[in-house]
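The residues making up each chain are set out below.
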Amino acid sequence: GRQLRVTSEMRDVSWSTYNCPVGWPLLGLFSGGKHAHEVSCVDRVGKDLVVAGSKEGNVLMSRFPSLDKTRLKATAAHVGQVVGVRSVSMGGVGGGKQTLVVSVGADLSVIQWRLKRQSKGRALTRVADTIE
């Protein structure tokens, strides 16, 4: 391939995944002045949702791309920093239940959340905690 020297050439590229915690599509996660979240990790779920973990211990959900902070939903996950989030499809390709796996802080906790589609968006339901 060739090196791209003009960043605007990458502006409209459609990526198959998105787990870089910075970038134009995540602007809404960082908005908010003194109430801004310090995002530590992200994972795009499908083509229209992004979940993120914050240094304050929250799991954040927003549409993807996340350009507006008013559509941001924050859920307390842990007292420590969320260091990883990944979505996993359980129960088969295409029709399975979407599960969010969150790893947090120094105590090495792993928290499992179920992602449910509701009439007005999506919601997280805590499924289980395990500490190994």
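Cut-off values and rules
- Residues numbered from 1 in each chain as written.
- Predicted model: local features only at pLDDT ≥ 70, side-chain atom pairs only at ≥ 80, totals over all residues.
- Heavy atoms only, no water.
- Helix = DSSP H or I, 4+ residues; strand = E, 2+ residues; numbered from the N terminus.
- Buried < 20%, exposed > 50% of the residue type's maximum accessible area, 1.4 Å probe, protein only.
- Contact = heavy atoms within 4.5 Å.
- Areas by Shrake-Rupley, 256 points an atom, 1.4 Å probe, with all protein chains shown as cover.
- Salt bridge = Lys/Arg side-chain N within 4 Å of Asp/Glu carboxyl O.
- Core = buried A, V, L, I, M, F, W, Y, C linked by side-chain atoms within 4.5 Å.

## Thoughts on the overall build of the protein
Across its full length, the protein holds 1 helix and 8 strands. Along the chain direction, N to C, the helices and strands of the protein fall in the order α-β-β-β-β-β-β-β-β. Evaluated residue by residue, the protein yields a buried proportion of 33% over its 132 residues. Sequence-distant contacts, at least 24 apart, represent 35% of the contacts inside the protein between residues at least 6 apart. Summed over its atoms, the accessible surface of the protein is roughly 8,500 Å², and 54% of this surface lies on carbon and sulfur atoms.

## Examining the pattern of salt bridges
This structure, assessed with the given rule, holds 1 salt bridge. With a shortest N-O distance of 3.8 Å, Glu 38 and Lys 55 are connected by a salt bridge. Of this pair, Glu 38 sits in the loop between α1 (27-30) and β1 (39-45) while Lys 55 is found in the loop between β2 (49-54) and β3 (58-63), placing the two residues 17 residues apart along the sequence. On the accessibility criterion, Glu 38 (44% relative accessible area) is partly exposed. On the basis of relative accessible area, Lys 55 is assigned to the partly exposed category, the value being 45%.

## Remarks on unusual backbone geometry
A cis amide bond links Phe 64 with the next residue in sequence, Pro 65, at an omega value of 0°. Turning to its location among the elements, Pro 65 is positioned in the loop between β3 and β4 (73-76).

## A few points about the nonpolar core
Judged by nonpolar contacts, the single largest core of 15 residues is most densely connected at Val 51, Val 82, Val 85, Leu 100, Val 102 and Trp 113. Looking at this core, the elements with two or more residues in it are β1, β2, β3, β5 (82-90), β6 (97-104) and β7 (109-118). Apart from the residues within four sequence positions on either side, Val 85 is in contact with Cys 41, Val 42, Asp 43, Val 51, Ala 52, Gly 53, Leu 100, Val 101 and Val 102. If you look at the next biggest cluster of nonpolar residues, it comprises 10 residues, including Leu 29, Val 39, Ala 52 and Leu 60.

## Brief notes about the side chain of Ser 66
In this structure, Ser 66 sits in the loop between β3 and β4. Beyond its immediate chain neighbours, meaning those up to four positions away, Ser 66 contacts Pro 25, Leu 26, Leu 27, Gly 28, Leu 29 and Val 50.

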